[in-house]
Amino acid sequence: MAGLANERGDYGGKITWFVVMSCMMAAVGGILFGYDIGISGGVSSMESFLKKFFPSVYTKMENDTKISNYCKFDSQLLTVFTSSLYAAGIVASFFASSITRSYGRKPTILAGGISFLVGSAIGGAALDVYMLIIARLLLGIGVGFANQSIPLYLSEMAPMNYRGAFNTGYQVTLDLGILFAGLVNYGSQKIKSGWGWRLSLALAAAPAFVLTLGALFLPDTPNSLIQRTNDQEKAKVMLQKIRGTIDVQEELDDIIEASRASTVNENSFKEIPRWKYRPQLVMAIALPFFQQLTGINVIGFYAPILFRTLGFAESASLLSTVLSGVVGTASTVIAMLVVDKFGRRALFMFGGIQMLVSQLIIGIILALHLKDHGDLEKGYAYFVLVLVYIFAAGFGLSWGPLGWLVPSEIFQMEIRSAGMSIFVAVSFFFTFAVAQTFLAMLCSFKSGIFFFFGGWVALMTAFVYWLLPETGNIPIEKMDQIWKDHWFWSKFVVD
């Protein structure tokens, strides 16, 4: 097997418990992000939470019989509560880039855990909406740091032939975070004294504590050791430990060669706009842009609100969200098991078609049967619920895990930190934009919101088919070859 690594082969080695445990600990960061996505939408549908912080929304929901079903939750202040996290994440991701490059992946993960820990404490103790928003900003800083560093860490630690499975583990933990949030919301909503929302917000401290403590013991990646210290002997020992073999010289040589290119260019943000990195820059912007326009965060942020719009009671809407989390997690586990066998492109195509069909059918049903006043007939409501689960499964197979996996493996070392920061910042920007506008769009577009997102899913599926080459089973430090072999991108990357 040795020797094939010069092109697209296998470096050898095996999956070791050391690398499994290291990656599992780092992937806990996904729980932080997922928990926050799930918890914010859940507490936003709790009557006790709305009464305390957003009384105008509660009044519209309970007493205004003239307002459209699609407009009951349209509140700019409620939107700021949800989206402020992503504004903070945009800024934090760029600071995280310099820390990741200069000090390694481990300190960035640690800083993210600490910020999230403080934010969750303030959120649980909030006395007014300003404390809530301060907490969300701290959570955003934590998520920005974690999302910039953890996918890179997983891709660099994982064996080449299993990189997809290891990195998809991040999305699995993210889905578990959403599921955990749904279960917490469902239970805390039943606390009759009305403080259940505090429990929901404060429990974010649990995964943050695990990540913060675990980050203290994480080993640094061989790639980062070479890039920062050029200590080849230390990097070789670490590589032997994580690969479970002493025969690691070829992989080490590739890392050293990539590091030499990166040391020539100290500022990776100045490098990445260069013509030869054009395909990576396009992917760093296009992939997170498309991922947020699948419509998944509409389900994640606002699923309880959406289900209440369809006529479900508070408790039933939260339970429906829990089931959606179960479906998303299960489908992502399936993706983790098959992504290295079938490749990234196949899952992108299959999941994209599944999401598109389910969104179009939901839009048609709501256009025909959910008017401005009155509830959706029970049979149609349950059918829409099933279609939401089909959509969540399609996302879990494709844009959920692959939207994080592909960007973490396509950048050369000299632009890796900057490329991942751009990816995270663009992701947060469009997550912020969707969160900031969704409730107003739901009020204006009504059922057309599903056709809007469906159109984007059709476009992104075509984009993947024509412009994204297969990245599976290729050494991470040899990934530049895929662009040279591509029918379109080869025009930009000629040496």
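Residues numbered from 1 in each chain as written. Predicted model: local features only at pLDDT ≥ 70, side-chain atom pairs only at ≥ 80, totals over all residues. Heavy atoms only, no water.

Caption draft 1: Just the packing of aromatic side chains, in detail. Applying the stated rule across the entire model yields 31 aromatic pairs. Arranged with centres 5.2 Å apart and planes meeting at 40°, the rings of Trp275 and Phe492 form a pair that is tilted. Linking Trp275 in the loop between α13 (268-271) and α14 (278-292) with Phe492 in the segment after α22 (481-484), this pair joins segments that are 217 residues apart in sequence. Taking the relative accessible area as the measure of exposure, Phe492 reaches 17% and is therefore buried. Put simply, the rings of Trp275, Tyr465, Trp466, Trp483, Trp487, Phe488, Trp489 and Phe492 touch in pairs and so form one group of aromatic residues. The aromatic ring of Phe53 is capped on one face by Lys52, whose charged end is 5.7 Å from the ring centroid. Between Arg136 and the ring centre of Phe81, over which it is positioned, the NZ or CZ distance is 5.1 Å. (Phe/Tyr/Trp six-rings, centres within 6.5 Å; stacked < 30°, edge-to-face > 60°. Helix = DSSP H or I, 4+ residues; strand = E, 2+ residues; numbered from the N terminus. Buried < 20%, exposed > 50% of the residue type's maximum accessible area, 1.4 Å probe, protein only. Lys NZ or Arg CZ within 6 Å of the ring centre and 35° of its normal.)

Caption draft 2: Region of the structure containing the nonpolar core. Ranked by size, the top nonpolar core spans 128 residues in total, and within it Phe49, Phe54, Met283 and Trp399 carry the most contacts. If you tally residues by element for this core, the top one is helix α20 (residues 413-445), at 14 residues. Beyond its immediate sequence surroundings of up to four residues, Phe54 is in contact with Phe49, Leu77, Leu78, Phe81 and Val129. (Core = buried A, V, L, I, M, F, W, Y, C linked by side-chain atoms within 4.5 Å. Contact = heavy atoms within 4.5 Å.)

Caption draft 3: Local environment of a nonpolar patch on the surface. Taken together, the side chains of Ile353, Val357, Ile361, Phe383, Val386 and Ile390 present a nonpolar region at the surface, about 470 Å² in accessible area. For the nonpolar patch, the elements supplying multiple residues, two or more each, are α17 (344-369) and α18 (378-397). Along the chain, Ile353 falls in helix α17. (Patch = residues over 30% accessible without salt bridge, like charges linked within 9 Å, V, L, I, M, F, W, Y side chains within 5 Å. Areas by Shrake-Rupley, 256 points an atom, 1.4 Å probe, with all protein chains shown as cover. Salt bridge = Lys/Arg side-chain N within 4 Å of Asp/Glu carboxyl O.)

Caption draft 4: Region of the structure containing the packing of helix α5 (residues 105-124) against helix α6 (residues 129-157). Here α5 crosses α6 at 155°, and the two axes come no closer than 7 Å. As far as their axial angle goes, α6 and α5 are roughly antiparallel. When the axes of α5 and α6 are compared, the crossing they make is left-handed. Residue composition of the contact of α5 with α6, by class: 16 nonpolar, 9 polar and 2 charged. (Axes fitted to C-alpha atoms, helices over the stretch in contact; angles between N-to-C directions. Parallel < 35°, antiparallel > 145°, perpendicular 65-115°, else oblique. Left-handed = near helix turned anticlockwise from the far one by under 90°. Nonpolar A, V, L, I, M, F, W, Y, C, P; charged D, E, K, R; others polar.)

Caption draft 5: Structural detail: the pattern of salt bridges. This model, assessed by the stated rule, comprises 12 salt bridges. Its salt-bridge partner being Asp36, residue Arg136 comes within 2.8 Å of it at the nearest N-O pair. With Arg136 in helix α6 and Asp36 in helix α1 (residues 17-43), this residue pair connects regions lying 100 residues apart in the sequence. For the pair formed by Arg136 and Asp36, the shared burial category is buried. The salt bridge involving Asp480 is made with Lys484; its shortest N-O contact spans 3.5 Å. On the basis of relative accessible area, Lys484 is assigned to the partly exposed category, the value being 30%. Where salt bridges share partners, they join Arg105, Glu156, Arg416 and Glu477 into one cluster.

Caption draft 6: Structural detail: helix α19 (residues 399-410). Helix length check: α19 (12 residues) gives 16 Å between terminal C-alpha atoms against 16 Å at 1.5 Å per residue, within 8%. Burial runs high along α19: 12 of the 12 residues are buried. Taken together, the buried positions of α19 are occupied by Trp399, Gly400, Pro401, Leu402, Gly403, Trp404, Leu405, Val406, Pro407, Ser408, Glu409 and Ile410. (Expected span 1.5 Å × (residues − 1).)

Caption draft 7: Focus on the packing of α14 against helix α21 (residues 448-467). Running from amino to carboxyl end, α14 crosses α21 at an angle of 150°, the nearest separation of the two axes being 10 Å. In terms of axis orientation, α14 runs roughly antiparallel to α21. Between α14 and α21 lies a crossing whose hand is left-handed. Along the contact surface, α14 presents Val282, Met283, Ala286, Phe289 and Phe290, while α21 presents Trp456, Leu459, Met460, Phe463 and Leu467.

Caption draft 8: Molecular detail of α20. Of all the bends in α20, the greatest, near 45°, is centred on Phe438. The buried fraction of α20 is high, at 24 of 33 residues. A positive phi of about 55° marks Lys446, the residue just after α20. (Bend = angle between axes of the 7 residues up to and from the residue.)

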